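Commentary on secondary and tertiary structure
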Amino acid sequence: MINRTVKNIFEGTIEAKGLKFGIVCGRFNEFFVSKLLDGAVDAIVRHGGNADNVEVAWVPGAYEIPFTAKRMAASGRYDAVLALGVVIQGGTPHAGYINSEVAKSLAQISMEENLPVTYGMVTANNIEQAIERSGTKAGNKGADAALAAIEMANLSSILPNK
Ligand code: INI
């Protein structure tokens with residue numbers, strides 16, 4: 001349980017009114033990624049945000065997401081950037097290499113640009129796991145990434161600066 005007796009607690013709200021978001025989507029496995037994008041925009045709007053304050057960049061695949069997330073994060077146009085993609089394991093280690101690069105790069109970009117960058121990547125062993133995480137029994141990773149982005153954008157605006 002979170003201790004709420006401490007005097008100064010920094011915790012972001014999940015109110016999205018007035019916030020601006022940049023979303024990077026990998027087109028590979030677009031069938032699923034479109035569901036993640038729908039889930040993200042829906043979560044933003046249901047938390048008081050405006051779809052007009054959301055901008056989306058499509059890139060070929062997950063590997064290209066960090067480059068674009070970096071540009072969006074550096075632009076100063078957004079309160080948070082979301083990365084949405086679906087990597088499905090095949091018969092070779094290909095997916096694992098992509099996943100570790102993307103996860104590491106997104107964390108690095110977030111810290112370099114001092115901006116929340118959230119991770120809405122589905123890393124699935126098979127199509128069934130991708131379905132489960134794109135709006136069925138395991139939720140929607142795009143909506144999760146949007147909620148995290150809203151909370152982190154609000155936290156970022158109240159955290160002490162150097
Ligand atoms: N990109 C994905 O987003 N998901 C995948 O599952 C995937 N697989 O499995 O190959 C994938 N590959 C493409 C990669 O992200 C790059 O777009 C490509 O290698 C060009 O740089």
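Okay, so let's go over this structure.

The rules behind the values
Residues numbered from 1 in each chain as written. Predicted model: local features only at pLDDT ≥ 70, side-chain atom pairs only at ≥ 80, totals over all residues. Heavy atoms only, no water. Phe/Tyr/Trp six-rings, centres within 6.5 Å; stacked < 30°, edge-to-face > 60°. Buried < 20%, exposed > 50% of the residue type's maximum accessible area, 1.4 Å probe, protein only. Near = heavy atom within 4 Å. Polar contact = N/O pair within 3.5 Å; in protein donor to acceptor, adjacent residues only side chain to side chain. Areas by Shrake-Rupley, 256 points an atom, 1.4 Å probe, with all protein chains shown as cover. 1 Å grid on protein atoms, 1.4 Å probe; cavity = no way out; pocket = protein on both sides within 12 Å on 5 of 7 lines; lining within 4 Å. Sits in = over half its atoms within 2 Å of the grid points. Helix = DSSP H or I, 4+ residues; strand = E, 2+ residues; numbered from the N terminus. Nonpolar A, V, L, I, M, F, W, Y, C, P; charged D, E, K, R; others polar. Core = buried A, V, L, I, M, F, W, Y, C linked by side-chain atoms within 4.5 Å. Contact = heavy atoms within 4.5 Å. Pairing = 2+ DSSP bridges.

1. Description of the packing of aromatic side chains
This model, assessed by the stated rule, comprises one aromatic pair. With a centroid separation of 5.3 Å and an interplanar angle of 90 degrees, the aromatic rings of Phe31 and Phe32 are classed as edge-to-face. Assessed through its relative accessible area of 65%, Phe31 is described here as exposed. With relative accessibility at 7%, the residue Phe32 sits in the buried group.

2. A short note on the site of the ligand
Phe28, Asn29, Gly61, Ala62, Tyr63, Glu64, Val86, Val87, Ile88, His94 and Ile98 make up every residue found near the ligand. Between the ligand and the protein, one listed contact pairs an oxygen atom with a side-chain N or O atom of Asn29 at 3.3 Å. One of the backbone nitrogen or oxygen atoms of Val86 is found 2.8 Å away from a nitrogen atom of the ligand. When the ligand sits alone it has 460 Å² of accessible area, and the protein chains cover 74% of it. According to the grid-proximity analysis, the pocket containing the ligand is the largest pocket. Of all the secondary structure elements, the ones that give two or more residues to the shell around the ligand are β3 (80-88) and α3 (94-113). The element best represented in the shell around the ligand is β3, accounting for three residues. In terms of residue class, the shell around the ligand is made up of seven nonpolar, three polar and one charged.

3. Concerning the nonpolar core
Within the largest apolar cluster, 26 residues are counted, with the highest numbers of intra-cluster contacts made by Phe21, Ile23, Ile44, Leu82, Leu84 and Val86. Of the residues forming this core, the biggest block, seven residues, is contributed by helix α1 (residues 30-46). Apart from residues lying up to four places away in sequence, Val86 is in contact with Phe28, Asn29, Phe32, Val33, Leu36, Met121, Val122 and Ala130. Residues Ala95, Leu106, Leu115 and Val117 belong to the second largest nonpolar core, which totals 20 residues.

4. So, the pairing of strand β1 (residues 21-26)
β1 sits mainly inside the fold: six of its six residues count as buried. Neither face of β1 is exposed, since Phe21, Ile23 and Cys25 on one face and Gly22, Val24 and Gly26 on the opposite face are all buried. Sheet topology places β1 next to strand β2 (residues 54-59); six bridges connect them, and they run parallel. Paired with Gly26 across the bridge in β2 is Val59. Where β1 and β3 come together, five bridges link them in parallel fashion. Paired with Gly22 across the bridge in β3 is Val81.

5. Digging into the environment of Val54
Within the element layout of this structure, Val54 appears in strand β2. Look at Val54 and you get buried, because its relative accessible area is 12%. Apart from residues no more than four positions distant in its own chain, Val54 is found in contact with Phe21, Ile23, Val41 and Ile44.

In short, geometric facts, not functional conclusions.
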